[in-house]
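Remarks on the overall topology
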Amino acid sequence: MKIAIIGTHSTGKTSIIRQLSLGLQEKGKRVFVVSELSRLAPGEINEGAKIETQLWIQQKQKEEELKYALYNGHVLCDRSTIDNFAYLQRIAKGFDVSEIEKEAVRHMQTYDFVFKTKKLSLAAVDDGIRSVDDFFRDDIERRIELLLKKHDIPFYHLPETLEYKKIVRYIEEVTGLRQ
């Protein structure tokens, strides 16, 4: 099973993945995590990102997922091709990214479940890597929502809470992994 947790940055995706992974491992499940790749990107991210950096992230996301798909287990993805594309789309001024968008949408069919976080009315915690600028975060949130709607991509809204155990319980119930 392949599960993606999507949304703008600093909405708890990594914490949700960590809790979900630990819970599944405690149940004896084999789990592989595709971490957020922007942290490994060979170039600037956030507001100053370049198209080359975002293209690298998009390609690396697919490569990492494919690598883990070769094993028998649950693949948990901290992001997906559609939310990574939202960041790319934001800086694509002058570039034709229509084929990249089509590929991102096609790739979304490889996820068994997609769960979307919601940007809460809380300030982002500065981790020294991701931007805490609310305008930027709101812009990415809006782009993700528009892409999901435009392409009719099926997804589940996660509960609007910081209680990660409640969120994990919801994911386990939806996916049938609660047993």
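Below, the structure is looked at part by part. Only a predicted model underlies this, so the values are computations on that prediction, with no experimental measurement involved.

What follows covers the pairing of strand β1 (residues 2-6). In terms of residue burial, β1 counts as a mostly covered element, since 5 of its 5 residues are buried. Side-chain alternation along β1 places K2, A4 and I6 on one buried face and I3 and I5 on a second face that is also buried. With 4 bridges connecting them, β1 and strand β4 (residues 113-116) associate as parallel partners. In the sheet register, A4 faces β4, and the bridge partner there is V114.

All right, on to the pattern of salt bridges then. This model, assessed by the stated rule, comprises 23 salt bridges. We note a salt bridge from K60 to E64, for which the minimum N-O separation is 4.0 Å. One end of the pair, K60, and the other, E64, are both in helix α2 (residues 51-69), 4 residues apart, so they sit about a helical turn from each other. By relative accessible area, which is 25% here, K60 ends up partly exposed. We classify E64 as buried; its relative accessible area is 15%. Note that K116 and E145 form a salt bridge whose closest N and O atoms lie 3.7 Å from each other. Of the two residues, K116 sits in strand β4 while E145 sits in helix α5 (residues 134-150), which places them 29 residues apart along the sequence. A residue is classified by how much of its surface remains accessible, and K116, at 1% relative accessible area, is buried. Residue E145 is classed as partly exposed on the basis of its relative accessible area, which comes to 33%. Through salt bridges with shared partners, a single network forms among E36, R39, R79, D83, D127 and R130.

So, how was this worked out
- Residues numbered from 1 in each chain as written.
- Predicted model: local features only at pLDDT ≥ 70, side-chain atom pairs only at ≥ 80, totals over all residues.
- Heavy atoms only, no water.
- Buried < 20%, exposed > 50% of the residue type's maximum accessible area, 1.4 Å probe, protein only.
- Helix = DSSP H or I, 4+ residues; strand = E, 2+ residues; numbered from the N terminus.
- Pairing = 2+ DSSP bridges.
- Salt bridge = Lys/Arg side-chain N within 4 Å of Asp/Glu carboxyl O.

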